[in-house]
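# An overview of the molecular structure
Spelled out, the chains give:
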Amino acid sequence: MSIESPTLGGRLQGWPPFVRELDATLSVHSQYVLSGNLYDSFLTPPAEGGAPTGLLPLRALLWEALRTSGASFMAVYDPVDGLQVMPGDDDSMQAAERLLGKIKPDEKPSLEGLTRLLAAVARPKEDVRAAFVIDSASRIARTPTDLEPAERDFFRFCAKLSRTARPVRVTGARPKPLYNPVLWLVERPGDLPPWLTADNENVREITIPRPHLGDRQETARLLARAFGVTDVGGDEAAAAACDAFAEQADGLTLQSMIEVTRLAKERGVGLTDLPDAVRTYKLGVLDNPWSRGHLRRRVLEGEKRVPERVIGQPQAVTKTLDILKRAVLGLSGAQATRSGSRPRGVLFFAGPTGTGKTELAKAITELVFGDESAYLRFDMSEFSGEGSGDRLIGSPPGYVGHEAGGELTNAVREDPFRVILFDEIEKAHPRILDKFLQILEDGRLTDGRGNTVHFSESILIFTSNLGMYVPGRDLTTRDASPYSAPDRVQNITPGMSYDEVEQRIKGAVADHFTEVLNRPELLNRFGDNIVVFDFISAEAAHKIFDLQFANICRRVTEEHRLSLAVKGDALTTLRAWCTEELDKGGRGIGMALESHFVNPLARALFDRELVPDEKVTVTGIRREGSIVHLDLQ
């Protein structure tokens, strides 16, 4: 590649790459379609190179680049403001009138009139270097594939004009002839008729990317001037603050960074507080629960309260609280080069059903936010279809439900401080898993309406029953393909040590994501945040039984003002019936209580005339076939 390549050398060193690409190809292309990050501001280095000295909007940046190639003026048309000439001084206006004729301020020519102006620039009758920008070109046609007659004639003319444009050589400017370019500014390349650019080598498509970290760092140093810092290089604290600002601004445009700086000045905060201003700008909220002083105390107290709520899972609770402490301190993903935009915390709960996975998610929510209403649950079995992801992020334009948005994105935009539970993640369609990959990596998601939703202050919890059963194979060799047999065999059983349960479940999770789903990158994002739940022990089962039995007695008292008691033998029998199948977990105990106690209790109470403050005692419990009867007094 020669040194004159638009990527390795040539003119406009240090300018944005898309500008250099445009400048380097003016001798071979007569029209350009610019799409992407159109409404941003852009860094503008001095002509001799070096550090950026300012920020310009796209129109001004294009003019500065075209001016250096010898252009006398740049005409800009958009459907709202009409026709304008840049830079608008006497010399540029005179040059424009030589090519375009008399120009009325803010004139709004018809499409037929626009064809005359484009022809005058692209096929000039005299050697005048110029350019014509069609801004908001996406709004010219009602639909690019269903053109009205006037629109069809206009775009046909433009296609022909791209092939018949005349290069211009200007004395004293660049030696080779250059086209007077027509620049289309569109939100997406598909906003123009496809036949305008297809197989047309005279039209070049250029995508303007969002700013990378280096651009954001340079912009942060420029914006530091607003806080009285003129030499960031000589101030270590200011340099660190600028780097933190640039990292927190991941996903934002440079124009957004300008707005964040303005927001910070309005709130009276300093340069070091810009990351907090970024959070306010992204999320639209001022109160940050993660910065509350009492949160550390609540988490410390949770070390005692959570095990009382999630019974029989000491390893899972301890690891979850460790990850939560990391989130409170803002250290999640601290080992990564860029971690500021990732979710505040990520947990993957795996293990047998009914062992407390959902209950632990609720406990975390109450611990951090003081209210379980911040807990948001999605049953991923409802998202197994290919198009079901639209429910999460919203339908694309033109589809039913587009205006309503997505259930997930709407909820997070409304309140970004949430615990979000994705239950039974293995049942989701693989395309939905790709959305999770974006959230875990970038901490953001674009909904169906094109709005960006940020997850940087959310805790994401994924639950799975993977590992309970595995495809039929020899568990000792682990050689066979997961598709080798349709039957499933039990992988873990009550009585196994926790270490063996953890090893087998993590192995099954890894196999599922790598071999079945072919999504090893998603498994890597979970990392060591996989929390394995064990089967409940007999001791834990009795505690769960006592807790759920007490809930039933309390409900009877609240609903009917009755005092309910169960005599020792009857209670012992009921306890034995409800705790005999440990592999069903706490949920199994609850179902057994409902079947063996709540149903016969309701039947017995229904036949009685209930008197407030009456004491009801269960003196006996017996089975007759599958029906349980209670003896009351």
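Residues numbered from 1 in each chain as written. Predicted model: local features only at pLDDT ≥ 70, side-chain atom pairs only at ≥ 80, totals over all residues. Heavy atoms only, no water.

### Section: the overall build of the chain
Basically, it comes down to this: Runs of E in the DSSP output that reach at least two residues are strands. Runs of H or I that reach at least four are helices, and both are numbered from the N terminus. Throughout this description, buried means an accessible area under 20% of the type-specific maximum (1.4 Å probe, protein chains only), exposed means over 50%, and partly exposed covers the range between. The method behind every accessible area is Shrake-Rupley, applied with a 1.4 Å probe, and residues are considered shielded solely by the protein chains displayed.
Helix and strand counts for the chain come out as 21 helices and 20 strands. Expressed as a percentage of its 633 residues, the buried residues of the chain come to 49%. Summed over its atoms, the accessible surface of the chain is roughly 30100 Å², and 49% of this surface lies on carbon and sulfur atoms.

### Brief notes about the packing of helix α19 (residues 538-560) against helix α21 (residues 585-606)
Two measures define how a pair of helices packs: the angle their axes make with one another and the distance between the axes. For clarity, the cut-off: Axis definition: a line fit to C-alpha positions, over the contact stretch in the case of helices; interaxial angles, taken between N-to-C directions, run 0 to 180 degrees. Angles below 35 degrees are treated as roughly parallel, those above 145 as roughly antiparallel, those between 65 and 115 as roughly perpendicular, and all remaining angles as oblique. By convention, the crossing between two helices is left-handed when the near helix turns anticlockwise from the far helix through less than a right angle, and right-handed when the turn is clockwise. Should any heavy atoms of two residues lie within 4.5 Å, those residues are considered in contact. Polar here means any residue other than Ala, Val, Leu, Ile, Met, Phe, Trp, Tyr, Cys and Pro, which are nonpolar, and Asp, Glu, Lys and Arg, which are charged; Gly is therefore polar.
Interaxial distance between α19 and α21 falls to 10 Å at its minimum, and their mutual angle equals 40 degrees. The angle between the axes of α19 and α21 places the two elements in the oblique class. α21 is crossed by α19, and the crossing has right-handed handedness. Counted together, A541, I544, F545, Q548, F549, I552 and V556 of α19 and G586, I589, G590, L593, F597, V598 and L601 of α21 form the full contact between these two elements. Grouping the constituent residues of the contact of α19 with α21 by class yields 11 nonpolar, 3 polar and no charged.

### Some points on unusual backbone geometry
The omega torsion across M86 and P87 is 5 degrees, close enough to zero to call that bond cis. Within the element layout of this structure, P87 appears in the loop between β5 (82-86) and α3 (90-100). One non-glycine residue, S136, adopts positive backbone phi at about 50 degrees. Its location among the elements puts S136 in the loop between β6 (130-134) and α5 (149-164). The class of S136 is partly exposed, set by a relative accessible area of 23%. One non-glycine residue, E424, lies in positive phi territory at about 55 degrees. Relative to the helices and strands, E424 resides in the loop between β11 (419-423) and α16 (430-442).

### Let's talk about helix α20 (residues 568-578)
In plain terms, the rule: The arc in question is the one traced by the directions running from the helix axis out to the C-beta atoms.
Three or more residues of α20 are buried, namely A570, L571, L574, W577 and C578. For α20, the angular spread of buried residues about the axis comes to 125 degrees, placing them on one side. Set apart from the buried face of α20 by more than 90 degrees, the exposed residues are D569 and T572. Tucked inside the fold, the buried residues of α20 contact α19, β18 (563-566), α21, β19 (615-624) and β20 (627-632).

### Some words on the sheet that holds β19
Convention followed: Any two strands between which DSSP finds at least two bridges are classified as paired.
The sheet built from 3 strands is open, its strands ordered β18-β19-β20 with mixed pairing. Since the sheet does not close on itself, it has two edges, and those belong to β18 and β20, each with one partner. Neighbour-to-neighbour, the strand axes of the sheet open up by a mean angle of 35 degrees, direction not taken into account. Bridging between β18 and β19 involves 4 bridges; their strand directions are parallel. Note on β19: the bridge partner recorded for L564 is V616. Along the sheet face, α20 touches β18, β19 and β20 and points at about 50 degrees away from the line of β19.

### Points about the packing of aromatic side chains
For clarity, the threshold we go by: Put simply, two rings from Phe, Tyr or Trp (the six-membered ring, in Trp's case) pair if the centres are within 6.5 Å, and we call them stacked under 30 degrees between planes, edge-to-face over 60, tilted for the rest.
The final tally for this structure, using the stated rule, is 16 aromatic pairs. Residues F436 and F462 carry aromatic rings whose centres are separated by 5.3 Å and whose planes lie at 85 degrees to one another, so their mutual orientation is edge-to-face. Of this pair, F436 sits in helix α16 while F462 sits in strand β14 (residues 459-464), and the two are 26 residues apart along the sequence. Look at F462 and you get buried, because its relative accessible area is 1%. Taking 5.5 Å as the distance between ring centres and 45 degrees as the angle between the ring planes, the aromatic pair formed by F549 and F597 counts as tilted. Placement of the pair is F549 in helix α19 and F597 in helix α21, with a sequence separation of 48 residues. Residue classification places F549 among the buried residues on the basis of a relative accessible area of 13%.

### So, the nonpolar core
Nonpolar side chains in soluble globular proteins tend to be buried together. We apply this condition: To define a nonpolar core, start from buried Ala, Val, Leu, Ile, Met, Phe, Trp, Tyr and Cys residues and group those joined through side-chain atoms within 4.5 Å.
Within the largest apolar cluster, 43 residues are counted, with the highest numbers of intra-cluster contacts made by M380, L408, F436 and F462. If one sorts the elements of this core by residue count, α16 sits on top with 6 residues. Setting aside residues no more than four positions away along its own chain, L408 makes contact with F378, R391, L392, I420, F422, I439, L445 and F455. If you look at the next biggest cluster of nonpolar residues, it comprises 38 residues, including F132, L147, A165 and Y179.

### Section: the confidence of the model for the chain
The cut-off we apply is this: The score called pLDDT rates the predictor's confidence residue by residue, from a low of 0 to a high of 100.
Of the residues in the chain, 90% have a pLDDT of 70 or more, and the chain-wide mean is 84. The lowest-confidence element of the chain is strand β15 (residues 469-471), averaging 79 in pLDDT; the highest-confidence one is β6, averaging 95. In this model residues 1-8 is a low-confidence stretch, pLDDT under 50, and it forms 13 contacts with partners more than four residues away in sequence or in other chains. Considering only residues more than four positions removed or in separate chains, one finds that residues 474-485, a stretch of pLDDT under 50, has 15 contacts.

### Some remarks on helix α12 (residues 314-328)
Helical geometry note: an α-helix holds 3.6 residues per turn, so side chains three or four residues apart project in the same direction. The criterion, for reference: The span you would expect from a helix comes to 1.5 Å times its residue count less one.
Helix length check: α12, at 15 residues, gives a terminal C-alpha distance of 21 Å against a target of 21 Å (1.5 Å per residue), a fit within 8%. Of all the positions in α12, only A316, V317, T320, L321, I323, L324, A327 and V328 are classed as buried. One face of α12 carries all of its buried residues, which in axial projection span an arc of 160 degrees. Contacts from the buried residues of α12 go to α11 (295-309), β9 (345-350), α13 (357-369), β14 and β17 (530-532).

### Here we look at the pairing of strand β4 (residues 73-78)
The buried fraction of β4 is high, at 6 of 6 residues. In β4, alternate side chains face the same way, and those of F73, A75 and Y77 on one face and M74, V76 and D78 on the other are all buried. Across 5 bridges, the pairing between β4 and β6 is parallel. In the strand pairing of β6, F73 is matched with A130. The sheet contact formed by β4 and β5 spans 5 bridges and is antiparallel. Residue pairing for β5: V76 is matched across the bridge by Q84. Hairpin connection from β4 to β5: 3 residues lie between these consecutive antiparallel strands.

### Quick word on the side chain of D78
The line we're drawing: In protein, a polar contact requires one atom able to donate a hydrogen and another able to accept it; more generally it is a pair of N or O atoms within 3.5 Å, and residues adjacent in sequence count only if both atoms are side-chain atoms.
Inspection of the secondary structure assignment puts D78 in strand β4. Residue D78 is classed as buried on the basis of its relative accessible area of 5%. One polar contact links the side chain of D78 to the main-chain amide nitrogen of V80, over a distance of 2.7 Å. In contact with D78, other than residues within four places in its own chain, are R59, D135 and S136.

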